[in-house]
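Here's the letter readout for the chains.
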Amino acid sequence: MTRGFWSKLALVLFICAALAAKAFADGETQPGRDRKQPVDEAYTAKMKKYTTEPFFTSPLVDYLPASKTVPTPEAVLGDVSGAPGILPYAEDVYKYMRMLEKASPRVKVFSIGTTEEGREMIAVALSSESNLKKMEENRALLGKLADPRSLNLNDAEADKIVGQAMPIYYVTGTIHSPETGAPTALMELAYRLAVDESPYIKDIRDGVITLITPVVEVDGRDRMVDIYRWHLAHPGQNYPNLVYWGKYVAHDNNRDAMGVTLKLTENVMNTYAKWNPQVLHDLHESVPYLYDNTIGDGPYNAWIDPILADEWNLISGRNVADMTKFGMPGVFSHGDFDTWSPGYLMFIAALHNGISRLYETFGNGGADTVERTLEPEDYARTWYKQNPPLPKVMWSQRDNNNYEQTGLLVSLHYFSENKRMFLKNFYLKAKRSVEKPKTEGPAAYALPADDPRRTVQLELLKVMQKQHVEISRLASAATVALPRKKEKKAKGGEKKADEKGKDEKPQPTTRTFPAGSYVIRMDQPYSRIADALLDYQYWSPEDPQKTPYDDTGWTFGELFGVEVSRVTDMKILDAPMERVTDLTVPGGVKGEGTVFAIENHAEPALASLRYQLKEADMQAAEEQFEAGGKNYPPGTIVVRGLDRGQLDSASKELGLSPVALASAPSVKMHPLRAARILLLHTWLSTQTEGWWRLALDRLGIPYDYASTQTIAGTSDLREKYDVILFPPIGGAGSIDNIVNGLPTNWGNPLPWQKTELTPKLVGRNDSTPDMRPGLTWAGVARLQEFVSDGGVLLTVTDTAQFASQAGLTSSVNSASSEKLKIIGSVVGTRLVDGASPIAYGYGEKVAAYCDNGPVFSLTNMAGSRRRRRLGPAMGERATGRGTKSEPDFAVGRLGVETPEEPENEVWEALPLTDEQRRNNPRVIPPAMRARVVLRYADAKDLLISGLVEGGGEIAQHPAVVDAPLGKGHVVMFSINPVWRGETQGTYSLVLNTVMNFDSLNTGRKDAEK
Ligand SMILES: [Zn+2]
């Protein structure tokens, strides 16, 4: 470009800015620079140079005020924020923020914790000097608004505080690592808030405390910067996809605000709870050019306060309006994002009485300036997008930074102008949360002290605690009235005949919770998050929203497999109880003797114990037995030859209660193994398996971690491992992708390695010189060999589909569903074979997480893909003589009874006919047939929480199957038992498989032929 062009562009920009400034009325603070304050000319010129169109900036960010004492981002970046080719590591961003802190009394930096890989997370407070001096005082004031009980819910007292307190607006950047713009945008924003003397920025500085976490996913940011450096050093080549972000998960780091399993969520949550900001605003990049998607589309989460929905509209409306006046195209606030799931990071605010916000700005996945071509739906003008983005445009990271900063500044200004209203709303929402039992209910949730899964109950309570929800414990038993159940009526108003008898039984009208039961009171400020997690969700198949953005159901009591009772009787709140903060389950050995029995209630802690006491002799009882007047269920763990003290201290730590027996029970037992585990991953995507690593790490269960590439070249898998876990892959998990990986016949290698150029790329995970090769057919053969030699391969959803398609199991067919719509829901499953060790500890009904899981069908003929159930079955006699139950006749001979058709349940294989058994090498011998452990519930019972549409397609089909292969087993899950730290109730299906890997045939009942 010539100099002449740039000076003309500068003129256009100036005119734009002047026009935009005029768009604001007299009396409103005009956006734009203070003419008395000098501008950093060099910095400003570069900003302009990197902005690709004059309308991709605003009067708020088209200049940078100069300062003699405060360094600009250039001091660290070597160029301006958003410059092409420049992505700072997190530590450089921090370095700059700390330079600001040193240079300006308007900046304070706080450390807010570390990541899984030990990197620091920070929050930067920006406000006037006097505001920052009073930050602690202000924190106390906001604390009172956040907990209106401290004001006795007195509105007049609240108003006094509303008049004094300074609101806090919390901005978080780059949780999604390939969305790279936020850190530099936030560096420059911090500079502006510290230095700019224009009235507009002064309003913000005097009226709001801006809190910024510039990098949320710090581990992932550093890896992304490495990948980008590699890309810059290899122009013209393909560069590796960011296959690892954080230690455990990628994109799902923004789905953790329910389970709070990741450090980044916990750190932001604690920062939120400490400072009580009124807004949590999370920055993302995907949609052009600025989609303020908080108000998005319905359905809205049912547990948010409607005041919040109004606030979303207010702030968002003003945000779009102001940027429209600046002439910036592509700014809008509706679109295809529903606000149903509370799993997003921003939702910490939504369900803790604040305001959640989220921007999708446009990004290039790095700092290259690139010509981008949009999809028609992106550039179409719609009712909510009057000034849509352009179909084709050159886009730069600077453009992105202009949009992010402008959006934030107009939001901050609007917030500052209306701070009293927002502070009052903050108080009102908290007050309404405290009044919840009276106004809408329930009164509380109760978790009974006699729940057999106390360690899992504890895990659920720990989630509540991480959510800063108050937990109480009953000092004595409490009896509450149960809500009257509505009579079930069949269609047409008549009761069904078979239901009449049931309804006549007297229903209990009260429920007594024993002393020690946990109570989560709803008369507390954070009642909404507790209610949202513990209640049930219903997403109507008739909902106009046909594409749910994320999970539709998550009821934690169900997914944890523990009882959570929704109590509407207000009397519960008067029961004697005490707040508890130190959550433990009393454990330890009871009784006298040298043999110990531990009841199995499918608690994952049992596996932790097995691995902690690796050398101990532990056996699983195959049937129930009686000892000391007590009945022990199948799967009870019998420990022998172990020092009592050792078992006692381990069980105390884990909350388990072994009982010492006088002698070993005479029941049949088999060894329970601390099996050697390999967790298998692909180089396609590591996120979904990441949740499995997280679960195993938390339980203290060791495993090796290797890729499909590695095992393809490992000849002695069985010598090294007993169990290979092959968790779901996610979107890319087709057999073609698993086996072939990415194409290697063309293109360049995609290394994932620690080098001088990429020093931070490899964390505590895996590395390879080339991410492209897959498992290969040789790898499939290795897996087959491993199982045939007695190993267990555990497969889930898409990897189960792979196992079936790759021929690792001939008795289970796996098909993708066609009309079924189960979008991340909690569904019912039923125990089919309680004698299988996989089911130890489980009852007849098991709630599980399902996401359109593949539909399994069993067959007794290898290679048979045909499902006879298609087409009309001849269930009745043919047309002919006689009554319906009589045989037909043929003239000239007697009628014959027709042979009975073999019958089967949906989850069973179709029994073989005599004809099929004739000379048929495909017939699978009974001992090699698949065994169904759990099946999906009947269609009417399938939905527990979320969305189930067309459930008939998967109803009654197998949900967990054990398919023998040679001496080993391929275990297949259609449900996903390990998901986002939310499904602890089904973890033991996996852990049982692991610990019983060489005894999975226990209790098998084989057909006779
Ligand atoms: Zn994102």
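That block above? That's the structure.
Conventions and cut-offs
Residues numbered from 1 in each chain as written. Predicted model: local features only at pLDDT ≥ 70, side-chain atom pairs only at ≥ 80, totals over all residues. Heavy atoms only, no water. Helix = DSSP H or I, 4+ residues; strand = E, 2+ residues; numbered from the N terminus. Rg over C-alpha atoms; globule rule 2.2 N^0.38 Å. Buried < 20%, exposed > 50% of the residue type's maximum accessible area, 1.4 Å probe, protein only. Contact = heavy atoms within 4.5 Å. Lys, Arg positive; Asp, Glu negative; His and termini not counted. Charge placed at Lys NZ, Arg CZ, Asp CG, Glu CD. Donors = N, O, S within 2.8 Å, 3.2 Å for Na, K, Ca; no water. Tetrahedral: all angles 85-135°; square planar, octahedral: opposite > 155°, others 65-115°. Core = buried A, V, L, I, M, F, W, Y, C linked by side-chain atoms within 4.5 Å. Salt bridge = Lys/Arg side-chain N within 4 Å of Asp/Glu carboxyl O. Patch = residues over 30% accessible without salt bridge, like charges linked within 9 Å, V, L, I, M, F, W, Y side chains within 5 Å. Areas by Shrake-Rupley, 256 points an atom, 1.4 Å probe, with all protein chains shown as cover. Phe/Tyr/Trp six-rings, centres within 6.5 Å; stacked < 30°, edge-to-face > 60°. Pairing = 2+ DSSP bridges. Expected span 1.5 Å × (residues − 1). Axes fitted to C-alpha atoms, helices over the stretch in contact; angles between N-to-C directions.

1. Here's the deal with the overall build of the protein chain
For step 1, the next point in the chain: Each helix and strand in the protein chain was counted, giving 31 helices and 38 strands.
For step 2, the next point in the chain: Relative to its length of 1009 residues, the protein chain is compact, with a C-alpha radius of gyration of 31 Å against a globular reference of 30 Å.
For step 3, the next point in the chain: Within the protein chain, the fraction of its 1009 residues that count as buried is 59%.
For step 4, the next point in the chain: The contacts in the protein chain between residues at least 6 apart in sequence include a share of 82% that link residues at least 24 apart.
For step 5, the next point in the chain: Each charge class in the protein chain was averaged separately, 115 positive and 127 negative side chains, and the resulting centres sit 1 Å apart.

2. A look at the coordination of the zinc ion
For step 1, the next point in the chain: On the protein side, the zinc ion has His176 (ND1), Glu179 (OE), Glu179 (OE) and His284 (ND1) as donor atoms, found 2.1 to 2.5 Å from it.
For step 2, the next point in the chain: Given four donor atoms and angles of 55 to 151 degrees at the metal, the environment of the zinc ion is assigned as irregular.
For step 3, the next point in the chain: Read in sequence order, the donor residues for the zinc ion give the motif H-x2-E-x104-H. The same class applies to His176 as to Glu179, namely buried.

3. Considerations on the nonpolar core
For step 1, the next point in the chain: In this structure, Met97, Leu145, Tyr403, Leu460, Met464, Ile520 and Phe556 are the most contacted members of the largest nonpolar core, which totals 159 residues.
For step 2, the next point in the chain: Here this core takes nine residues from helix H8 (residues 182-195), the largest share from any one element.
For step 3, the next point in the chain: Residues within four places of Tyr403 in sequence aside, it is in contact with Phe55, Phe56, Tyr289, Leu290, Met323, Met328, Pro329, Val331 and Trp395.
For step 4, the next point in the chain: Counting residues in hydrophobic clusters, the runner-up holds 84 residues, among them Ala607, Ala675, Ala937 and Ala955.

4. Focus: the pattern of salt bridges
For step 1, the next point in the chain: The final tally for this structure, using the stated rule, is 60 salt bridges.
For step 2, the next point in the chain: Taking the shortest distance from any N to any O, the salt bridge between Glu188 and Arg398 comes out at 2.7 Å. In this pair, Glu188 sits in helix H8 while Arg398 sits in helix H15 (residues 397-417), placing the two residues 210 residues apart along the sequence.
For step 3, the next point in the chain: Exposure remark for Glu188: the relative accessible area of 0% places this residue in the buried category.
For step 4, the next point in the chain: Residue class for Arg398 comes out buried when judged on its relative accessible area of 0%.
For step 5, the next point in the chain: A salt bridge links Asp914 to Arg917; the nearest nitrogen and oxygen atoms lie 3.2 Å apart. Here the residue Asp914 and the residue Arg917 both occupy positions in helix H30 (residues 914-917), the gap between them amounting to three residues, near one helical turn.
For step 6, the next point in the chain: The exposure class of Asp914 is exposed, given its relative accessible area of 54%.
For step 7, the next point in the chain: The exposure class assigned to Arg917 is partly exposed, which follows from its relative accessible area of 27%.
For step 8, the next point in the chain: Salt bridges here are not isolated pairs; linked through shared partners, they connect Glu91, Glu117, Arg119, Asp219, Asp222, Arg223 and Lys760.

5. Focus: a negative patch on the surface
For step 1, the next point in the chain: On the surface, a cluster of negative charge is made up of Glu900, Glu903, Glu905 and Glu908.
For step 2, the next point in the chain: When you line up the elements, Glu900 lands in the loop between strand S34 (855-858) and H30.

6. Regarding the packing of aromatic side chains
For step 1, the next point in the chain: This structure, assessed with the given rule, holds 31 aromatic pairs.
For step 2, the next point in the chain: For the ring pair Phe110 and Trp275, a centre distance of 5.2 Å and an interplane angle of 50 degrees mean the geometry is tilted. Residue Phe110 is located in strand S1 (residues 107-114), and its partner Trp275 is located in helix H11 (residues 263-275); the two are separated by 165 residues in the primary sequence.
For step 3, the next point in the chain: Ring geometry for Phe415 and Phe422: centres 4.5 Å apart, planes at 15 degrees, overall stacked.
For step 4, the next point in the chain: The exposure class of Phe415 is buried, given its relative accessible area of 0%.

7. Topic: the pairing of strand S17 (residues 518-521)
For step 1, the next point in the chain: Here S17 shows no split at all, with Tyr518 and Ile520 on one side and Val519 and Arg521 on the other all buried.
For step 2, the next point in the chain: Where strand S13 (residues 444-447) lies against S17, four bridges are found, and the strand directions are antiparallel. Residue pairing for S17: Leu447 is matched across the bridge by Tyr518.
For step 3, the next point in the chain: Two elements, strand S14 (residues 471-474) and S17, share two bridges in a ladder whose sense is antiparallel. Across the sheet, the residue bridging to Arg473 is Tyr518, located in S17.

8. Concerning helix H24 (residues 687-699)
For step 1, the next point in the chain: Here H24 contains 13 residues, and its C-alpha end-to-end distance of 19 Å stays within 8% of the 18 Å for a straight helix at 1.5 Å per residue.
For step 2, the next point in the chain: Of all 13 residues in H24, eleven are buried; the element is thus mostly enclosed.
For step 3, the next point in the chain: Buried residues of H24: Gln687, Thr688, Glu689, Gly690, Trp691, Trp692, Arg693, Leu694, Ala695, Leu696 and Leu699, and no others.
For step 4, the next point in the chain: Close packing links the buried residues of H24 with helix H22 (605-612), strand S27 (677-681), strand S28 (704-707), strand S29 (723-726), strand S30 (792-796) and helix H31 (987-995).

9. Points about the sheet that holds strand S24 (residues 637-640)
For step 1, the next point in the chain: Read across the sheet, five strands follow the order S25-S20-S24-S21-S26 without closing on themselves; strand pairing throughout is antiparallel. The open sheet terminates on both sides in strands that have one partner only, identified here as strand S25 (659-661) and strand S26 (669-671). Going across the sheet, the axis of each strand differs from the next one's by a mean of 35 degrees, ignoring polarity.
For step 2, the next point in the chain: Across three bridges, the pairing between strand S20 (residues 595-598) and S25 is antiparallel. Bridge pairing in S25 links Phe596 to Ala660.

10. What to know about the sheet that holds strand S6 (residues 290-292)
Within a sheet, adjacent strands bond to each other through the backbone by hydrogen bonds, running parallel or antiparallel.
For step 1, the next point in the chain: Read from one edge of the open sheet, eight strands run S1-S2-S4-S3-S5-S10-S6-S8, paired in mixed fashion. Of all strands in the sheet, those bounded by a partner on one side alone are S1 and strand S8 (331-332).
For step 2, the next point in the chain: In this sheet, strand S10 (residues 355-361) lies alongside S6 in antiparallel orientation, the contact comprising three bridges. Residue pairing across strands places Leu290 opposite Thr361, the latter belonging to S10.

In short, the description is geometric, and any link to function would need to be established separately.
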